[in-house]
Amino acid sequence: MKLIRNPRKAYRYLSLLKVEGKTIGFVPTMGYLHEGHLSLIKKARRENDIVVVSIFVNTLQFGPREDYESYPKDFKRDKALARDAGADLIFNPGIRAMYTGNHSTFVNVRKLPENLCGRFRPRHFRGVATVVTKLLNIVPADTAYFGQKDAQQAFIIMKMVKDLNMPVAIKMLPIVREKDGLAMSSRNIYLDTKQRREAAVLYRSLCLAEKIIKTGKRDSKNIIKKMKNLIQGESSAKVQYISIVDIDRLKDVKKIKGRVLIALAAYFGRIRLIDNIIVRRK
Ligand code: AMP
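None of the values given here were measured: they were computed from a predicted structure.

Chemist: Quick question: what am I supposed to make of the site of the ligand here?
Modeler: Around the ligand there are 17 residues in total, and M30, H37, D150, V176 and M184 lie nearest to it. Measuring from an oxygen atom of the ligand, one finds a side-chain N or O atom of D150 at 2.7 Å. Taking M184, its main chain carries an N or O atom lying 2.9 Å from a nitrogen atom of the ligand. Bound to the protein, the ligand loses 93% of the 480 Å² it would expose on its own. Looking at the shell around the ligand, the elements that each hand over two or more residues are β2 (24–29), α2 (35–47) and β5 (143–147). Ranked by the residues each element gives to the shell around the ligand, the list is headed by α2, at three residues.

Chemist: I would appreciate a short explanation of the packing of aromatic side chains in the present structure.
Modeler: Given two aromatic rings, their pairing is described by the distance between the two centres and the angle made by the two planes. Tallied over the full model, the rule gives four aromatic pairs. Look at F56 and Y99: their rings are 6.1 Å apart centre to centre, the planes differ by 40 degrees, and that puts the pair in the tilted class. A residue pair is termed long-range when its members are at least 10 positions apart, and F56 in the loop between β3 (50–55) and α3 (75–85) and Y99 in the loop between α4 (95–98) and α5 (117–120) qualify at 43 residues. For the pair F56 and Y99, a shared accessibility class is recorded, and that class is buried. Joined through ring pairs, the aromatic side chains of F62, Y68 and Y71 make up one cluster. Positioned above the aromatic ring of Y32 is the side chain of R77, whose terminal nitrogen or guanidinium carbon lies 5.4 Å from the ring centre. Between the NZ or CZ atom of R126 and the centre of the ring of F106, over which it lies, the distance is 3.9 Å.

Chemist: Help me out: how do you make sense of the pattern of salt bridges in this one?
Modeler: A pair can form between side chains of opposite charge whenever their charged atoms are brought close. By the definition in use, this model includes 17 salt bridges. The salt bridge partner of E47 is K43, with a shortest N-O separation of 3.2 Å. Highlighted residues: E47 and K43, both in helix α2, separated by four residues, approximately one helical turn. Exposure remark for K43: the relative accessible area of 22% places this residue in the partly exposed category. Residues D163 and K159 are paired through a salt bridge, measuring 2.9 Å at the closest nitrogen-oxygen approach. With D163 and K159 both in helix α7 (residues 151–163) and four residues apart, this pair spans about one turn of that helix. Several salt bridges converge on common partners, so that one network encompasses K43, E47 and K171.

About the thresholds
- Residues numbered from 1 in each chain as written.
- Predicted model: local features only at pLDDT ≥ 70, side-chain atom pairs only at ≥ 80, totals over all residues.
- Heavy atoms only, no water.
- Near = heavy atom within 4 Å.
- Polar contact = N/O pair within 3.5 Å; in protein donor to acceptor, adjacent residues only side chain to side chain.
- Areas by Shrake-Rupley, 256 points an atom, 1.4 Å probe, with all protein chains shown as cover.
- Helix = DSSP H or I, 4+ residues; strand = E, 2+ residues; numbered from the N terminus.
- Phe/Tyr/Trp six-rings, centres within 6.5 Å; stacked < 30°, edge-to-face > 60°.
- Buried < 20%, exposed > 50% of the residue type's maximum accessible area, 1.4 Å probe, protein only.
- Lys NZ or Arg CZ within 6 Å of the ring centre and 35° of its normal.
- Salt bridge = Lys/Arg side-chain N within 4 Å of Asp/Glu carboxyl O.

Now the structure itself:
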């Protein structure tokens, strides 16, 4: 497995492989890899000649009071995990290689970032869209793989790629969970024992919502209330939002019909966790 830190070198190396007719699968990450990331890498391995994994903690997508400084890192471990999952190249640029002091170009997708996490993280998706554009300019990927764990992010990137005619296919893969249902996340290591145990309530609340919808109930407000009660029953949990939105526009729906995304964010102590499911009501 190869490691490249310089963007221009990465582009040169990969564009030669493209000329040879090789297909490139790309998995962008912020590192501290877990089974969720590895599921994307393994899928890319099955579908492409070359698999590229980027590890870059993107300053631009963190708010001023968020956890950029303390974001977990273990590059040595990441390298071994990525290699074992089938990566051919790790692209690991330094912050100055990606953003010079006077970076002044941003990619702004409209509408889709307005709801859900975007309501509470105002510049976050601008940071995400900008870095993914830069990464896709450096890594000439045929397909880029994203997790449903960050469903709003995946939908925004799909829209951006379509709107800007970017020559890459975007695939969104299912959420990988711990045994008790907690969605895997690099931030889970910061939960203490009690918070970790209680955090499993998030997935239980999503399953509860699905169950209620399957019995024929359609009233979002009512379902959200039940989810919230369940989550707030755990003493360390504080709900930031629970929303039921349509898949196309990510706007709140009052009466559930067709396919909806049920998404939430909650704090356990200072750790903010997100989770979601997609439910179809016939
Ligand atoms: P991150 O390193 O958190 O930026 O995540 C990199 C990619 O891995 C994103 O596309 C995430 O949606 C995806 N991902 C993170 N956690 C999971 C998970 N538990 N299951 C599936 N994909 C995930």
